[in-house]
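Listed below are the residues making up each chain.
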Amino acid sequence: MNLYYRSLLEVSGLMRTKQLSAVELTRETLERIERLNPSLGAYYTVFADEALAEAQAAESEIADGGWRGPLHGVPIAFKDLYELGPTTAGSELLAGRVARGEADLVTWARSQGAVVLGKLATHEFGLAAATLADHFPPARNPWDLDRTPGGSSTGAGTALAAGMAFGAFGTDTGGSVRLPAAFSGVAGYKPTFGLLSTKGLIPLSPSLDHAGPIARTIADAAALGSMPFDGEGGVRGLRVGVPRDFWATGDPQVRERVEAAIKSLTGLGALVEDVSLGFGVVQVMATGYVITLSEAAAFHLATLRSGRPGYGHEFGLVLRAGLLVPGHSYVHAQKARAGISRRMAQIFESHDVLAMPTVGAFADPLPSGPRPLTKRISEQPTPQYTWLANLYGGPAVSVPCGFVTEGLPVGLQLMGRPHDDATVLRAAHAYEQAAGWREMRPPLWP
């Protein structure tokens with residue numbers, strides 16, 4: 001039985017009815033990791049012996065009628081920003097560090113009987129762009145090994161797309177769950193701010209940081225997030241706003257695939273109409289970056305002052321940029337964020353969901369080494385439509401919506417009002433089921 005690309009809920013159901021062994025599932029997944037990880041780099045650390053012991057315990061409990069829920073016996077993994085065993089945040093600065101405790105979400109997952117496979121690759125401290133010159137080798141996109149799987153939850157996107165886990169927990173400060181989901185052709189879910197605990201995560205920007213799952217399907221993501229989910233509700237009568245002025249830039253192929261997905265929502269019975277947000281993606285990204293750079297520099301200030309070496313080239317630039325942000329700019333950015341949040345509250349008085357691309361491009365090639373700062377400043381930034389949901393704190397998902405001619409995935413992003421996660425998940429699930437893109441597999445990794 002080829003289990004690699006079964007959904008989390010499928011294998012969970014098979015284990016609950018004793019048609020599948022948790023030990024068998026875990027052993028097959030570990031064998032696949034051993035075979036593929038040298039090429040893909042999804043995992044920094046694999047807990048093989050511990051995972052098999054957890055699987056054996058889960059199997060015994062299920063056999064005795066002690067099924068705990070959909071995660072029981074299912075192999076999952078955590079981004080290396082979660083305190084759990086060796087925890088490096090993808091930085092040479094923390095190489096060899098072992099966490100003294102566990103993040104809240106790790107403890108919760110264990111309480112549900114999940115099998116913890118290991119720690120997944122990340123951009124350094126959740127922000128710096130990955131390069132082939134990094135201290136920790138970057139994860140690679142299973143659809144094209146020369147490209148990024150999207151950041152910063154890089155290993156999570158790779159592991160799910162290549163069948164090396166049945167779910168993963170990443171972090172999302174400006175899109176770091178949804179971007180790898182879009183680039184890797186899987187589902188990513190950023191819950192309402194604060195809905196999932198961030199205690200025990202190495203922070204990047206505490207006022208924007210979210211914990212969130214990456215999964216094979218929207219239903220799996222809801223299960224990982226322990227969220228109420230209506231898989232039969234559909235989108236008929238749902239009011240969907242399309243802020244095309246907000247995502248007017250970006251790659252034409254991406255826009256074309258997203259437009260086709262929006263048309264599908266109309267065909268499913270959603271009430272789709274254009275809406276104007278009153279601000280652009282550049283304003284949103286600038287606001288997010290000012291807040292993130294400032295808060296990251298504040299968190300790392302003591303280490304910076306100590307002169308301790310270990311930060312990578314890219315993240316070192318990030319921190320130095322954060323130190324140069326004056327206090328009044330941070331205050332103005334927070335005021336801009338408050339204005340964006342007020343406008344979004346107005347939008348959601350008349351609309352249930354907003355639809356847009358996750359990101360305005362497909363996966364970039366992995367650079368061989370650090371790019372000169374002058375070149376990076378002169379480059380046109382890739383439009384990341386993900387920052388918006390982090391600023392106002394509402395739920396957002398990325399779901400596959402097709403492929404560009406290069407054979408790389410594209411993501412449709414749906415956003416909703418804070419604490420209305422169920423509606424966003426329902427809409428994404430309805431599109432996912434109708435579109436069928438989740439059945440596509442990277443050709444190199446059958």
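What you see is a predicted model, and the numbers here were worked out from it, not measured in a lab.

Packing of helix α2 (residues 22-40) against helix α3 (residues 48-63) brings their axes to within 8 Å, and their N-to-C directions diverge by 160°. It follows from the interaxial angle that α2 and α3 lie roughly antiparallel. Along this stretch, α2 crosses α3, giving a crossing that reads as right-handed. Contacts between α2 and α3 pair Ala 22, Val 23, Thr 26, Arg 27 and Leu 30 from the former with Ala 48, Ala 51, Leu 52, Ala 55, Gln 56 and Glu 59 from the latter. Considering only residue class, the contact of α2 with α3 consists of 7 nonpolar, 2 polar and 2 charged.

Here we come to unusual backbone geometry. The phi torsion of most residues other than glycine is negative, and most of the peptide bonds are trans. Going from Gly 151 to Ser 152, the amide bond is cis rather than trans, its omega being 0°. Examined against the element boundaries, Ser 152 turns out to sit in the loop between β3 (115-120) and α5 (154-161). Phi is positive for Ala 89, which is not a glycine, with a value near 55°. Relative to the assigned elements, Ala 89 resides in the loop between β2 (75-79) and α4 (104-111). We note that Ser 226 has phi near 55°; this positive angle belongs to a residue other than glycine. With respect to the helices, strands and loops of the structure, Ser 226 is situated in the loop between α7 (218-224) and β7 (239-242).

So, about the side chain of Thr 217. By the secondary structure assignment, Thr 217 is in the loop between β6 (210-215) and α7. Aside from chain neighbours lying at most four places away, what touches Thr 217 is Ser 7, Ala 187, Glu 432 and Arg 438.

Another aspect to go through is the packing of aromatic side chains. All told, the structure shown has 12 aromatic pairs when counted by the stated rule. Pairwise contacts between aromatic rings join Phe 78, Tyr 82 and Phe 169 into one cluster. When the ring centre of Trp 67 is taken as origin, the NZ or CZ atom of Arg 16, which lies over that ring, is 3.9 Å away. The aromatic ring of Tyr 4 is capped on one face by Arg 32, whose charged end is 4.2 Å from the ring centroid.

Definitions and cut-offs
- Residues numbered from 1 in each chain as written.
- Predicted model: local features only at pLDDT ≥ 70, side-chain atom pairs only at ≥ 80, totals over all residues.
- Heavy atoms only, no water.
- Axes fitted to C-alpha atoms, helices over the stretch in contact; angles between N-to-C directions.
- Helix = DSSP H or I, 4+ residues; strand = E, 2+ residues; numbered from the N terminus.
- Parallel < 35°, antiparallel > 145°, perpendicular 65-115°, else oblique.
- Left-handed = near helix turned anticlockwise from the far one by under 90°.
- Contact = heavy atoms within 4.5 Å.
- Nonpolar A, V, L, I, M, F, W, Y, C, P; charged D, E, K, R; others polar.
- Phe/Tyr/Trp six-rings, centres within 6.5 Å; stacked < 30°, edge-to-face > 60°.
- Lys NZ or Arg CZ within 6 Å of the ring centre and 35° of its normal.

Keep in mind that these numbers describe shape and distance, not what the molecule does.
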